[in-house]
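Reading the structure
Okay, here's what each chain looks like letter by letter:
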Amino acid sequence: MNIPADLKYTRDHEWVKLDGDIATIGITDFAQKELGDIVYVEIETEGEELDGEEVFGTVEAVKTVSDLFMPMAGTVVEVNPGLEENPAVVNEDAYGKGWMIKVKVDLNNLGSLLSADEYKELVG
Amino acid sequence: MQETETLKPTALSHIHTALGAKMVPFAGYEMPVQYSGVNEEHIQVRSGVGVFDVSHMGEFFISGKGAFDLIQHVTSNDVAALVDGKIQYSCLPNETGGIVDDLLVYRISEEEYMLVVNASNMQKDWDWISKHNSFGAKMENRSEEMSLLAVQGPKASEALQSLTSIDLANMKYYTFDIGTFAGVENVVVSATGYTGAGGFEIYMRNEDAEKIWHAIFEAGAPQGIKPIGLAARDTLRLEMGFCLYGNDINDTTSPIEAGLGWITKPASGFINSEEMARQKKEGVTRKLVAFEMVDRGIPRHDYPINDAEGNEIGVVTSGTQSPSLNIAIGMGYVTKPHSAVDGEIFIQIRNKSVKAKVVKLPFYKAQ
């Protein structure tokens, strides 16, 4: 299981990478494996200010569909433009080219993110 | 199915696990849903050859003088059209216009038949047929002692021919033979499947399953044979528009609504055949249609179907992204006026009404 040590994680199997007050968010290697072949990522919340736990999009695999949740409150400032053409990139490179959104966050209000070790424990 | 219930392994579950399959509970069995990935497995079957363990399916043997009369009474198709070695797709109509299950009927001899039923309906079917057995037919449920492998794909006969003297390439669709396969006697080799890719379904005793599985993989190695999970089985069948019980047909859908009029022969006098004759003659108010998404979105079971004005006109029964065609496809019931081919319908996907177009089946046409 690929769980990079330098990222933060959520119980909804998303990863968070902080760069100043911009958080890049995607789904974990565990999540992409569970979903199987991803065929569509629908994110229509660009520019919106969302609460933590609010749905920011949906990921569709061949066999299943799953909501994407905000790990913390913030404004969606960018959606990965590469997902429209090639959603399978989430399967191929979940922590890199498969990123989903960038969110402007309040650094004092990041919620309860998990460390890599804590997430590793969660997914066994 | 309650989670506390113990899952039954098939005779091959340990092999699937060793091959790295993702195992899921299905109709009380522990079944392989995926090995390398659904798209890759799907394409493997469309272009080469793959093996599904579908041992969860149920096999009932009906024999004796009353066998024909019982099967003619409980199934919708005309059993009189069968000859030895021939197979018929059929369904078990209930008394209220719906379907107890869909099934295959194998005629072994004039007085012996094998019925192959869905695992999820096995007990319901057994009880239903038993209840209607006023013909003195002998019934035997051999589901627990039999395994079933579906070897599917355009290279299936080439991959398997070295294992049997049955002339596989010349077997007609929906026929079967009983013979020696991989050195095992009394194996049923059936030119059927649920994929539209061609191939065979092979019925054997559980104790022979492992030997036959390994023999198939050895014989098919030059053709690049691979194990395939149930997820790809579902996408393959949906590309052909084959109904899945529990999704597209159930206790409340009529075979006529489901487009199964071709296996519904009221003149053969089955349970509720008068009503089916009436529906065939007078028509039905809703129909199962196939559709392709025009705008972006993937239809799923139970999503509402709307007309252009937003009025609900039906419901999605199956949907997926087609791995062969790379478009989103689905089936669903709509009111009759909206069932015409090329008609525009709208699938309610979350909070949006997404445009789709009614199309003819199959979605996938063999090259």
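Residues numbered from 1 in each chain as written. Chains lettered and ligands numbered in written order. Predicted model: local features only at pLDDT ≥ 70, side-chain atom pairs only at ≥ 80, totals over all residues. Heavy atoms only, no water.

**Notes on the interface of chain B and chain A**
With 18 residues of chain B at the interface, the matching set in chain A holds 17 residues. Roughly 1500 Å² of surface becomes buried between chain B and chain A when both sides are summed, with 41% attributable to carbon and sulfur atoms. Applying the counting rule to chain B against chain A returns seven salt bridges. Note that E42 of chain A is salt-bridged to R350 of chain B, the shortest N-O span being 3.3 Å. Counting across the chain B and chain A interface gives 15 residue pairs in polar contact (both at pLDDT 80 or more). Elements with a contribution of two residues or more to the side of chain B that touches chain A: α2 (38-47), α7 (230-240) and β17 (312-321) of chain B. (Contact = heavy atoms within 4.5 Å. Buried area = accessible area lost by both parts, 1.4 Å probe. Salt bridge = Lys/Arg side-chain N within 4 Å of Asp/Glu carboxyl O. Polar contact = N/O pair within 3.5 Å; in protein donor to acceptor, adjacent residues only side chain to side chain. Helix = DSSP H or I, 4+ residues; strand = E, 2+ residues; numbered from the N terminus.)

**Structural notes on the pairing of strand β15 (residues 286-293) of chain B**
Within a regular strand, side chains alternate between the sheet's two faces. All names here are of chain B. Sheet topology places β15 next to strand β18 (residues 328-335); seven bridges connect them, and they run antiparallel. If you follow K287 over to β18, its bridge partner there is V334. Sheet topology places β15 next to strand β20 (residues 352-359); four bridges connect them, and they run antiparallel. Looking at β20, one finds that F291 is bridged to V358. (Pairing = 2+ DSSP bridges.)

**Comments concerning the environment of F61 of chain B**
All names here are of chain B. Tracing the sequence through the fold places F61 in strand β5 (residues 58-63). Considered as a pair, F61 and R142 are 81 residues apart in the sequence and their alpha carbons are 7.2 Å apart. Leaving out residues up to four positions away in the same chain, F61 has contacts with I108, E112, Y113, M114, K138, M139, E140, R142 and M146.

**Considerations on the side chain of S13 of chain B**
Residues and elements named next belong to chain B. Along the chain, S13 turns up in helix α1 (residues 13-18). On the basis of relative accessible area, S13 is assigned to the buried category, the value being 3%. Here T10 takes part through its backbone nitrogen, which lies 2.9 Å from a polar atom of the side chain of S13. Once residues within four sequence positions are removed from consideration, S13 is found in contact with M23 and E30. (Buried < 20%, exposed > 50% of the residue type's maximum accessible area, 1.4 Å probe, protein only.)

**Here we look at the nonpolar core**
Where a protein is soluble and globular, its nonpolar side chains tend to be buried together. All names here are of chain B. Core analysis: the biggest nonpolar cluster contains 85 residues, and I62, Y106, I129 and I347 have the highest contact counts within it. For this core, the leading source of residues is strand β7 (residues 99-109), giving six residues. Shared between two domains, this core holds at least three residues of each, these being domain 1 (13-54 + 144-239) and domain 2 (286-362). Not counting chain neighbours up to four residues away, the residues in contact with I129 comprise F60, I62, L70, V74, L92, L115 and M139. In terms of nonpolar packing, the next biggest core, distinct from the first, is built from 32 residues, I166, L168, V189 and A209 among them. (Core = buried A, V, L, I, M, F, W, Y, C linked by side-chain atoms within 4.5 Å. Domains from an automatic or database assignment.)

**Quick look at helix α4 (residues 122-131) of chain B**
Residue and element names in this part refer to chain B. Listed as buried for α4 are M122, D125, W126, W128 and I129. Around the axis of α4, the buried residues are gathered within 165 degrees of arc, so they sit on the same side. Structural note: α4 exposes Q123 and K131 on the side pointing more than 90 degrees away from its buried face. (Arc of directions from axis to C-beta.)

**Considering unusual backbone geometry**
Here L361 of chain B and P362 of chain B are connected by a cis peptide whose omega angle stands at -5 degrees. Along the chain, the position of P362 of chain B falls in the segment after β20. Here the phi dihedral of E53 of chain A falls at roughly 75 degrees; this positive angle occurs in a residue that is not glycine. Examined against the element boundaries, E53 of chain A turns out to sit in the loop between β5 (49-50) and β6 (55-61). A positive phi angle, near 80 degrees, is found at D342 of chain B, a position not held by glycine. You can see D342 of chain B is positioned in the loop between β18 and β19 (344-349).

Read these as geometric descriptors, not functional statements.
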